[in-house]
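# Examination of the molecular architecture
Single-letter residue listing:
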Amino acid sequence: MAVIKRNSTQKKSKFFDFNARSLIQIKPILVLLCVGILYFTYANWQSWLEKLDDKPISAFALLGTPSYTTNADVRDMILKMGKLKGFFGQDVDVIREQIQSMPWVKGAVVRKIWPNRLSILVAEYQPIAYWNADQFLSSDGVVFKLPTDKLKETNMPRLFGPDYKSAEVLEAWYKIFNELKAKNLVLKSVSIDERGAWEITLDNDILLKLGRGEWKTKIDRFVTIYPQIEIPENKRIAYVDLRYKAGGSVGFVDK
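Residues numbered from 1 in each chain as written. Predicted model: local features only at pLDDT ≥ 70, side-chain atom pairs only at ≥ 80, totals over all residues. Heavy atoms only, no water.

The next thing to look at is the side chain of Asn-116. Inspection of the secondary structure assignment puts Asn-116 in the loop between strand 2 (105–113) and strand 3 (117–124). With sequence-adjacent residues up to four places away left out, Asn-116 is seen in contact with Lys-55, Pro-56, Ile-57, Ser-58 and Ala-59. (Helix = DSSP H or I, 4+ residues; strand = E, 2+ residues; numbered from the N terminus. Contact = heavy atoms within 4.5 Å.)

Shown next as C-alpha cells:
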C-alpha cells in the first residue's frame, strides 16, 4: 500500500507542474490578447455608436433667461459647424466650445436629449463699465466684447487702460468714486497709461491729471483750489494738472 501511495503522489506532482508551466507560458499571450481587444474597442467605439444613429441632431432648447444670448445667436454658431451627427455620435464638447466662442459667454453646458435635440445653458459676462473704445468690463475685471445693440444699460463708467490693468482700474474707480462722492463731486471716467499715470474725468468734463503714485492727496488739493480758480469769460476749465508737489496748473477751452 505504501508503494501505491508513493507512486500516486509523484504522478499528481508531475501533473501539477505541467499545468503551472503551461499557464506561465500562456499568460503573456492572454494579456496581449486582452490589450488588443481593448485597443480595437477604443479605436472603433465611436464609429459603432454612429451606426446606431438614424437621424442627426436638428433642434435645441436654450434654457434659462440669458440677458444677451438669443436663439438666433446659438443657431448661427451651430450652423457654422455644418451638419451635426446623431445622438450617439455627436461630441457635445465640440458644440460647447463653439457656443463659448461668443465673446460675452462665460461658459456653457450642453446636453443631448433623445432622440435628436440639445439642451443649452449659458453663463454670461455682465457689463458694468465701458472699457477703452469698443469693449466692456465685468464685475471681476474681465475684458470682453458685446454688440452695442444688445446693451440694456448704457449709463456706465468709462474706464481706459491696458487690458492687463483692467482689474486695477476697476478697483481704483470704486475708491475714487467714493472719495469724490464724499466731496459732492461725480466721477465720469478713470484711465491709466502704460507708465502707470492716472487721469480722471468729472461729470462736468473737467480732466484731472493725477500722474503716478497715490491720488488721494491730489484730489484733496483739487477740492481746495477748485473754488478759487478764476475762469475767463466765455471759457470753461478743460483740465487741472495736479502732478506737482503743491498747487496745480489749469487749462481752459472755449465754451
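Now that the structure is up, let's keep going.
Moving on, we come to the environment of Trp-198. By secondary structure assignment, the location of Trp-198 is in strand 9 (residues 198–202). Placed 37 residues apart in sequence, Trp-198 and Gly-161 show a C-alpha to C-alpha distance of 9.5 Å. If we ignore the near neighbours within four places in the chain, the residues touching Trp-198 are Glu-168, Val-169, Ala-172, Val-190, Ser-191, Ile-192, Leu-208, Lys-209, Leu-210, Gly-211 and Gly-213.

What follows covers the environment of Ile-237. With respect to the element layout, Ile-237 can be found in strand 11 (residues 235–241). Classification of Ile-237 as buried rests on a relative accessible area of 4%. Distance in space between the C-alpha atoms of Ile-237 and Gly-251 is 6.1 Å, their sequence separation being 14 residues. Sequence-distant contacts of Ile-237, defined by excluding residues within four places in its chain, comprise Ile-206, Tyr-226, Ile-229, Ile-231, Val-250, Gly-251 and Phe-252. (Buried < 20%, exposed > 50% of the residue type's maximum accessible area, 1.4 Å probe, protein only.)

This next bit is on helix 3 (residues 92–99). All buried positions along helix 3 are accounted for by Val-92, Ile-95, Gln-98 and Ile-99. Looking straight down helix 3, one finds its buried side chains confined to an arc of 115 degrees; they lie on one side. Structurally, helix 3 contributes buried residues whose contacts are with helix 2 (71–79), strand 2 and strand 3. A side-chain oxygen of the first residue of helix 3 lies 3.0 Å from the backbone nitrogen of Asp-93; this N-cap is Asp-91. (Arc of directions from axis to C-beta. Polar contact = N/O pair within 3.5 Å; in protein donor to acceptor, adjacent residues only side chain to side chain.)

Okay, the pairing of strand 10 (residues 207–211) next. The buried fraction of strand 10 amounts to four of the five residues, a majority that puts the element mostly inside the structure. Here strand 9 hands over to strand 10 after four residues, with Asp-205 in that stretch at a positive phi of 70 degrees. (Pairing = 2+ DSSP bridges.)

Here the focus is the pattern of salt bridges. Counting across every chain of the model gives 14 salt bridges. Between Asp-93 and Arg-96 there is a salt bridge, with its nearest N and O atoms 3.6 Å apart. Placement of both Asp-93 and Arg-96 in helix 3 is noted, with a separation of three residues, approximately one turn of the helix. (Salt bridge = Lys/Arg side-chain N within 4 Å of Asp/Glu carboxyl O.)

It is worth spelling out the pairing of strand 8 (residues 187–192) at this point. The element strand 8 is largely enclosed, with a buried count of five among its six residues. As paired strands, strand 7 (residues 158–160) and strand 8 are joined by three bridges and run parallel to one another. Looking at the pairing, Leu-159 lines up with Val-190 of strand 8. In this region the chain leaves strand 7, passes through helix 4 (residues 166–181) and returns to the parallel neighbour strand 8; the handedness of that crossover is left-handed. As paired elements, strand 8 and strand 9 share five bridges and run antiparallel to each other. Following the sheet pairing, Leu-187 is matched in strand 9 by Leu-202. (Right-handed = clockwise from strand over helix to strand, strands pointing away.)

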